[in-house]
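Structural characterization, general
The residues making up each chain are set out below.
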Amino acid sequence: MKEKNKLYWRKNLNYLIVLLSIWFVVSFGFGILFVDQLNLIEFYGFKLGFWFAQQGSIYTFVILIFIYIYLMNKLDKDFKS
Amino acid sequence: MTLQLSIWIIIGLTFALYIGIAIWSKTNSTSEFYIAGKGVNPIANGMATAADWMSAASFISMAGIISFVGYDGSVYLMGWTGGYVLLALLLAPYLRKFGKFTVPDFIGDRYYSNTARTVAIFCALVVSFTYIAGQMRGVGIVFSRYLEVDINNGVFIGMGIVLFYAILGGMKGITYTQVAQYCVLIFAFMVPAIFISIQMTGNPIPQLGFGSETQDGAYLLDKLNGLHKELGFSEYTSGEKSKIDVFFITAALMIGTAGLPHVIVRFFTVRKVSDARKSAGWALLFIAILYTTAPAIAVFARTNLIETVSEKNYSEMPSWFKKWEETELLKFNDKNNDGIIQYLGDEKLNELTIDKDIMVMANPEIAQLPNWVIALLAAGALAAALSTAAGLLLVISSSISHDLIKKIISPKLVRRKILKEDISEKGELIAARISAFFAVLLAGYFGINPPDFVAATVALAFGLAAASFFPAIVLGIFYKRMNKEGAISGMIIGITSMLFYMLKFKFGWFGGGDQINWFFGVSPEGFGTIAMMLNFAVSILVSNFTKEPPNEIKKLVENLRTPDE
């Protein structure tokens, strides 16, 4: 039982590391640190860096949480059976 | 129908709805009063959290601020949404698993110490009071602007209504009223945005509209950048703030969001751990609808405004211009006496000053939308302010009745044999209602006599939450070795360094200072991030030089990390 719980926790931590890295790169990376470089790219009337700062990062946040919900529900199920 | 009448009707209807919900959801137990009996559906909880979170400032001021600062406004957009990722991944599921009523509950139990609990109560009260004063003020302002009611009377009406449904229904009443309030506020925000998006770009989706082409074939954002250049403003899509400051402010707002007790406590109200995760996802989705629309409104309003006023004859201004001039939120000073409005980036030549709050409020009038849309906007702004005020009120009352009276004072009195037994559930419920009553009175007082520092302290509230709660909770879950000595010293260092920096640079205490003296160029708004890092460092260091936490605490932490039953 103890081993099983440890494995559950380790998997959870792995998810956190991956998802939070994406969270950081998209908001702080694309939206702030590299905004000037990305602003050189334009698509559909938006400068890309500006778009990430005011739109793209927010969409990414929503998607990240729903991915986490999906992963954890699956993990919970795996460990219950 | 006149504008006044339609506003009264729409506000009257929404208020009747809130009161009806409150009567329907009357509570009888402390569990219902504090956490709605853990029976809230995750989607409903998501809506309630969104309404709780989005205050009068989000609804009225945010789009306006972005309108004036362009890219720099991104700190609010990312900061106030990104925190939900931290909440969903690092806090909400574990706190729900822990399964008590409040944030000080967790701090006090996890750190097996009433000192830690007291520090947490203090932080929760400071954060919540600075916030709620601003909300009551917002209610008063909406009433006075739209209904020509005196600001103070507006505050009284707001106090009365919040008091009624918070005292009667507790968390249960608040939750279901917030669901209704979310629907009102998002509808009110979206309708004008969609109309204006169609008017300006032909695209009904504002999020796409502000990247679309206008009738003259140019992309809207390029056009706005062009106008800004012409008039001597800085480019809309790039900012003026330093990169490091933008970085730190965004981080402070994100972490502050994740540490705000009135947001965290919402995740205690659901049935199981997986529902806590789901709630966070739905909450952010509902918030994102408004937060991705706000930057679009900012661009529409900015472009509309410049095109309507710049280099135009003052005598030919439309009626809304005169109306907002009367409120002094719009001021025209014809410096060169040519009768034409020069709206310019250069302070010396500029003749027009515009308050940021106008941009959302006057938007429907500028775009010539019908009266009922304007009435809806007033009801939406009230819904935003009331829902946030009610959520904060509950944190204040539960901090006093549950954390302070039930957990600290009552056991002490029993030990000293002043009381025979612990406070009963019925007694606690009465205490909760009485403290809610006094909290409303105090909030109303600050709404009527706003201290000058209200605006400045909203940033402080985030900084405080980031610097105090966030590290204590995260380490409590993810670092088993963390003990009470570490947590207490970390929280105290975090809060005091944050307070010191704010007082020094915002209020000129301790010798004051200017921008050049800022620590690594970080503004007081962004300092919460540094104070938070300090808290983390001190906590870990101190806990490694002091006694390990007892075994039962280690077991408690291990239990938090296992799948829900």
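Just so you know, the residues in each chain are numbered from 1, in the order the chain's sequence is written. For this description, chains carry letters from A and ligands carry numbers from 1, given in the order in which they are written. Totals for whole chains, interfaces and linings use every residue, but because this is a predicted model, local features are given only for residues with pLDDT of at least 70 and side-chain atom pairs only at 80 or more, for both listing and counting.

1. Side note on the overall build of chain A
This is how the line gets drawn: Numbering of helices and strands runs from the N terminus, with a helix taken as a DSSP run of H or I at least four residues long and a strand as a DSSP run of E at least two residues long. Computation of the radius of gyration draws on C-alpha atoms, with the globule rule given as 2.2 Å multiplied by the number of residues to the power 0.38. Neighbour counting defines burial: a residue surrounded by 20 or more other C-beta atoms within 10 Å of its own C-beta is buried, one with 12 or fewer is exposed, and intermediate counts give partly exposed, using backbone-placed C-beta atoms. Any pair of residues counts as being in contact when their C-beta atoms, constructed from backbone geometry, are within 7 Å of one another.
If you tally the helices and strands in chain A, you get three helices and two strands. Secondary structure elements of chain A, listed N to C terminal, follow the sequence α-α-β-β-α. What you see for chain A is a C-alpha radius of gyration of 17 Å, clearly larger than the 12 Å of a compact globule of 81 residues, by over 25%. A total of 81 residues make up chain A; the buried ones form 37% of that total. Nonlocal contacts in chain A, meaning residues at least 24 apart in sequence, comprise 53% of its contacts between residues at least 6 apart.

2. Thoughts on the overall build of chain B
Secondary structure assignment for chain B yields 22 helices and two strands. Relative to a compact globule of 565 residues, whose C-alpha radius of gyration would be 24 Å, chain B shows 24 Å and is just as compact. Considered along the principal axes of its C-alpha atoms, chain B spans approximately 80 × 55 × 45 Å. Sorting the 565 residues of chain B into buried and exposed places 55% on the buried side. When contacts within chain B are restricted to residue pairs at least 6 apart in sequence, those whose partners lie at least 24 apart make up 80%.

3. Focus: the interface of chain A and chain B
Note the following rule: Gly is placed with the polar residues, together with every amino acid not listed as nonpolar (Ala, Val, Leu, Ile, Met, Phe, Trp, Tyr, Cys and Pro) or charged (Asp, Glu, Lys and Arg).
Listed as interface residues are 35 residues of chain A and, on the opposing side, 38 residues of chain B. Those elements that place two or more of their residues in the side of chain A that touches chain B are helix 1 (2–33), strand 2 (46–47) and helix 3 (48–80) of chain A. Examining the composition of the side of chain A that touches chain B, we find that 18 residues originate from one element, helix 3 of chain A, more than from any other. A per-class count over the side of chain A that touches chain B returns 23 nonpolar, nine polar and three charged.

4. Digging into the nonpolar core
Within soluble globular proteins, side chains that are nonpolar generally end up buried alongside one another. Cut-off, in case you're wondering: Residues of type Ala, Val, Leu, Ile, Met, Phe, Trp, Tyr and Cys that are buried and joined through C-beta atoms within 7 Å form what is called a nonpolar core.
Ranked by size, the top nonpolar core spans 209 residues in total, and within it A:I65, B:V162, B:L185, B:A378 and B:L393 carry the most contacts. A per-element tally of this core places helix 8 (residues 151–201) of chain B first, with 21 residues. Not counting residues within four places of it along the chain, the set of residues in contact with B:A378 comprises B:I7, B:I11, B:V142 and B:Y146.

5. Quick notes on the environment of B:A56
Looking at the element boundaries, B:A56 is found in helix 4 (residues 56–69). For B:A56, the residues in contact, after removing those within four places along its chain, are B:Q135, B:G138, B:A381, B:A384 and B:A385.

6. As for unusual backbone geometry
Trans is the common state for peptide bonds, and a negative phi is the common state for residues other than glycine. Notably, A:Y44 is not glycine yet its phi reads approximately 50°, a positive angle. In this structure, A:Y44 sits in the loop between strand 1 (42–43) and strand 2. Judged by local crowding, A:Y44 falls into the exposed class, with 10 C-beta atoms found within 10 Å. Despite not being glycine, B:N337 shows a phi value in the positive range, around 50°. Checked against the element boundaries, B:N337 lands in the loop between strand 1 (330–332) and strand 2 (352–354).

7. Overview of helix 11 (residues 243–259) of chain B
Where we set the bar: An expected span of 1.5 Å times one less than the residue number is assigned to each helix.
Given a rise of 1.5 Å per residue, 17 residues ought to cover 24 Å, and the 24 Å separating the end C-alpha atoms of helix 11 of chain B matches this to within 8%. Counting buried residues along helix 11 of chain B, 15 of its 17 residues qualify, which places the element largely inside the surrounding structure.

8. Focus: the confidence of the model for chain B
Residue and element names in this part refer to chain B. Where we set the bar: pLDDT: the predictor's confidence for each residue, scored from 0 to 100.
Residues of chain B with pLDDT of at least 70 account for 98%, and the chain-wide mean is 86. For chain B, the element scoring lowest by mean pLDDT is helix 16 (residues 363–366), at 79; helix 21 (residues 527–545) scores highest, at 94. As a predicted assembly, this complex carries a pTM of 0.91 together with an ipTM value of 0.96.

9. Side note on the packing of helix 7 (residues 114–147) of chain B against helix 8 of chain B
Residues and elements named next belong to chain B. We count it as follows: Simply put, an axis is a line fit to the C-alpha atoms, just over the touching stretch for a helix, and the angle between two N-to-C directions goes from 0 to 180 degrees. Should an angle fall under 35 degrees it is taken as roughly parallel, and over 145 as roughly antiparallel, whereas 65 to 115 is taken as roughly perpendicular and any remaining angle as oblique. For any helix crossing, the convention is left-handed if the near helix is rotated counterclockwise from the far helix by under a right angle, and right-handed if that rotation is clockwise.
At their nearest, the axes of helix 7 and helix 8 sit 7 Å apart, and the two run at 120° to each other. With respect to their mutual orientation, helix 7 and helix 8 come out oblique. Note that helix 7 runs across helix 8; the crossing there is right-handed. Of the residues in helix 8, those touching helix 7 at M136, V139, G140, I141, V142, F143 and S144 are I151, N152, G154, V155, I157, G158 and M159. Looking at the contact of helix 7 with helix 8 residue by residue, the classes come out as nine nonpolar, five polar and no charged.

10. Topic: the environment of B:L221
For B:L221, the location among the structural elements is in helix 10 (residues 220–231). Residue classification places B:L221 among the buried residues on the basis of 22 C-beta atoms within 10 Å. On a C-alpha basis, the gap between B:L221 and B:T237 in space is 7.8 Å, while along the polypeptide they are 16 residues apart. Setting aside residues no more than four positions away along its own chain, B:L221 makes contact with A:G45, A:F46, B:F210, B:G211, B:T237 and B:V299.

11. A word on helix 5 (residues 74–98) of chain B
Residue and element names in this part refer to chain B. This is how the line gets drawn: Axes are fitted to the seven residues ending at a residue and to the seven starting at it; the angle between these axes is taken as the bend at that residue.
For helix 5, built from 25 residues, the straight-helix expectation of 36 Å at 1.5 Å per residue is met to within 8% by its first-to-last C-alpha distance of 35 Å. Within helix 5, the axis deviates most sharply at L87, by approximately 55°. Burial analysis of helix 5 places 23 of its 25 residues in the buried class, which makes it a mostly covered element.

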